[in-house]
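Residues per chain are reported as follows:
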Amino acid sequence: MAHKHNMMKFLRFDPAPWLFAAKTTGASLLALLVAFAFDLDQPQWAVLTVFVVSQPGTSGGILGKSCFRFVGTAVGTAAALVLAGLFAQERDLFLGALALWVGLCTYGSQRVRGWSNYAFVLSGYTAAIVGIPATLEPEHCFYIATARMTESCLGILVGTGGNQLVLPARMAGTLAAALAEARPAVADFAARVLARPGREAPGAPLVALATRIEDLLDTALFEDPATRRAAPAIRAFVATLLD
């Protein structure tokens, strides 16, 4: 019986995880090769960025994460340059200003959702990663910042390009299925309310479905123009579900 079960598992082999692993590994090796070719100081940042931006199952998620990783890295690097330029000779003031920046970024990450949250977090710790070495070597401040940006952008470009060019996975179909699933869910909720007047019907399934649709929308937005055009209507529908 166990042999038959193992055979059935083998016949149901899913190639998607292996394809994702192959694409990500190939992209990371390519990023490492390019980093070595251009003699970058820390090529491991390019390789690490490829693995960080890669997400299984969706090309829109990779695009979204890559875009906001670039924004977060750029803002954090700029903040590090400003702080190092203002307080390079005053370590206490620099650490205080850096702590304030990280705190503001942490606060911002709690106030927003989706990929914007990721950009806030990244801009906070990038300022620390770039700013502290830049303050220790103020004469190399700009070089340290540009090196970090170059290595991160290389990883973003190679990782995103590899996943977009080689058999990309789209999320628009999954979003459409979730929206179709919302109709019977809303009808079922309305039936429960009408069948038991005066009693509160359980709304947890609708909340979970609304959250799922919103997460799928944040990813699918980066995949095709049709989803971007429909986004306001979908967000209004999600808000109705939550109300």
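Model, not experiment: these values are computed from the prediction.

As for the overall build of the protein chain
Step number 1: A tally of regular secondary structure across the protein chain gives 10 helices and zero strands.
Step number 2: Starting at the N terminus and walking to the C terminus, you meet the elements of the protein chain as α-α-α-α-α-α-α-α-α-α.
Step number 3: A total of 243 residues make up the protein chain; the buried ones form 37% of that total.
Step number 4: Relative to all contacts within the protein chain whose residues are 6 or more apart in sequence, the contacts with residues 24 or more apart total 71%.
Step number 5: For the protein chain, the exposed area adds up to about 14100 Å²; of that, 69% sits on carbon and sulfur atoms.

Details of the packing of aromatic side chains
Step number 1: Per the stated rule, a full pass over the model turns up zero aromatic pairs.
Step number 2: We note Lys65 situated over the ring of Tyr118; from NZ or CZ to the ring centre the distance is 5.5 Å.

As for a nonpolar patch on the surface
Step number 1: A cluster of nonpolar side chains, contributed by Leu19, Leu165 and Val166, occupies part of the molecular surface with about 280 Å² of accessible area.
Step number 2: Inspection of the secondary structure assignment puts Leu19 in helix 2 (residues 16-37).
Step number 3: When its relative accessible area of 31% is taken as the criterion, Leu19 is described as partly exposed.

A closer look at the confidence of the model for the protein chain
Step number 1: Averaged over all residues, the pLDDT of the protein chain is 80; the fraction at 70 or higher stands at 86%.
Step number 2: When mean pLDDT is taken per element in the protein chain, helix 5 (residues 91-111) scores highest with 91 and helix 1 (residues 2-11) scores lowest with 53.

Description of helix 6 (residues 115-136)
Step number 1: With 22 residues, helix 6 extends 32 Å from end C-alpha to end C-alpha; this agrees with the ideal 32 Å at 1.5 Å per step.
Step number 2: Those residues of helix 6 that sit buried are Trp115, Tyr118, Ala119, Leu122, Ser123, Gly124, Thr126, Ala127, Val130, Gly131, Ala134 and Thr135.

Quick word on the packing of helix 2 against helix 3 (residues 43-53)
Step number 1: Contact geometry for helix 2 and helix 3: axes closest at 8 Å, N-to-C directions at 160 degrees. Classified by the angle their axes make, helix 2 and helix 3 are roughly antiparallel. With respect to the hand of their crossing, helix 2 and helix 3 are arranged in right-handed fashion. Across the interface between the two elements, Thr24, Ala27, Ser28, Ala31, Leu32, Ala35 and Phe36 from helix 2 touch Pro43, Ala46, Val47, Val50 and Phe51 from helix 3.
Step number 2: The residue inventory of the contact of helix 2 with helix 3, partitioned by class, reads 10 nonpolar, two polar and no charged.

Section: the packing of helix 3 against helix 4 (residues 59-87)
Step number 1: Relative orientation of the contacting elements helix 3 and helix 4 amounts to 135 degrees, with a least axis distance of 9 Å. By the angle between their directions, the pair helix 3 and helix 4 is classed as oblique. For the pair helix 3 and helix 4, the contacting residues are Thr49, Val52 and Val53 in the first and Ile62, Lys65, Ser66 and Arg69 in the second.
Step number 2: The class makeup of the residues in the contact of helix 3 with helix 4 is three nonpolar, two polar and two charged.

Concerning the nonpolar core
One broad trend across soluble globular proteins is that nonpolar side chains are buried collectively.
Step number 1: Counting residues in each nonpolar core, the largest one holds 16 residues, and the members touching the most others are Leu175, Ile213, Leu216, Leu217, Ile234, Val238 and Leu241.
Step number 2: Sorting the residues of this core by element identifies helix 8 (172-195), helix 9 (204-220) and helix 10 (225-242) as the ones contributing at least two each.
Step number 3: Looking at this core, the element that brings in the most residues is helix 9, giving seven residues.
Step number 4: If near-sequence neighbours (up to four positions away) are discounted, Ile213 is found in contact with Leu175, Ala178, Leu179, Ala182, Ile234, Phe237, Val238 and Leu241.
Step number 5: Core analysis: the second largest hydrophobic core is formed by eight residues, Ala27, Ala31, Leu154 and Val158 among them.

Remarks on unusual backbone geometry
With the exception of glycine, the majority of residues adopt a negative phi angle, and the majority of peptide bonds are in the trans configuration.
Step number 1: A positive phi angle, close to 55 degrees, is found at Asp39, a residue other than glycine.
Step number 2: As for its placement among the helices and strands, Asp39 is situated in the loop between helix 2 and helix 3.

A look at the side chain of Thr135
Step number 1: Within the secondary structure layout, Thr135 lies in helix 6.
Step number 2: We classify Thr135 as buried; its relative accessible area is 2%.
Step number 3: A distance of 2.8 Å separates the side chain of Thr135 from the backbone oxygen of Gly131, its partner in a polar contact.
Step number 4: Excluding residues that lie within four positions of it along the chain, Thr135 makes contacts with Ala84, Phe87, Ala88, Arg91 and Phe94.

About the criteria used
Residues numbered from 1 in each chain as written. Predicted model: local features only at pLDDT ≥ 70, side-chain atom pairs only at ≥ 80, totals over all residues. Heavy atoms only, no water. Helix = DSSP H or I, 4+ residues; strand = E, 2+ residues; numbered from the N terminus. Buried < 20%, exposed > 50% of the residue type's maximum accessible area, 1.4 Å probe, protein only. Contact = heavy atoms within 4.5 Å. Areas by Shrake-Rupley, 256 points an atom, 1.4 Å probe, with all protein chains shown as cover. Phe/Tyr/Trp six-rings, centres within 6.5 Å; stacked < 30°, edge-to-face > 60°. Lys NZ or Arg CZ within 6 Å of the ring centre and 35° of its normal. Patch = residues over 30% accessible without salt bridge, like charges linked within 9 Å, V, L, I, M, F, W, Y side chains within 5 Å. Salt bridge = Lys/Arg side-chain N within 4 Å of Asp/Glu carboxyl O. pLDDT = per-residue confidence, 0-100. Expected span 1.5 Å × (residues − 1). Axes fitted to C-alpha atoms, helices over the stretch in contact; angles between N-to-C directions. Parallel < 35°, antiparallel > 145°, perpendicular 65-115°, else oblique. Left-handed = near helix turned anticlockwise from the far one by under 90°. Nonpolar A, V, L, I, M, F, W, Y, C, P; charged D, E, K, R; others polar. Core = buried A, V, L, I, M, F, W, Y, C linked by side-chain atoms within 4.5 Å. Polar contact = N/O pair within 3.5 Å; in protein donor to acceptor, adjacent residues only side chain to side chain.

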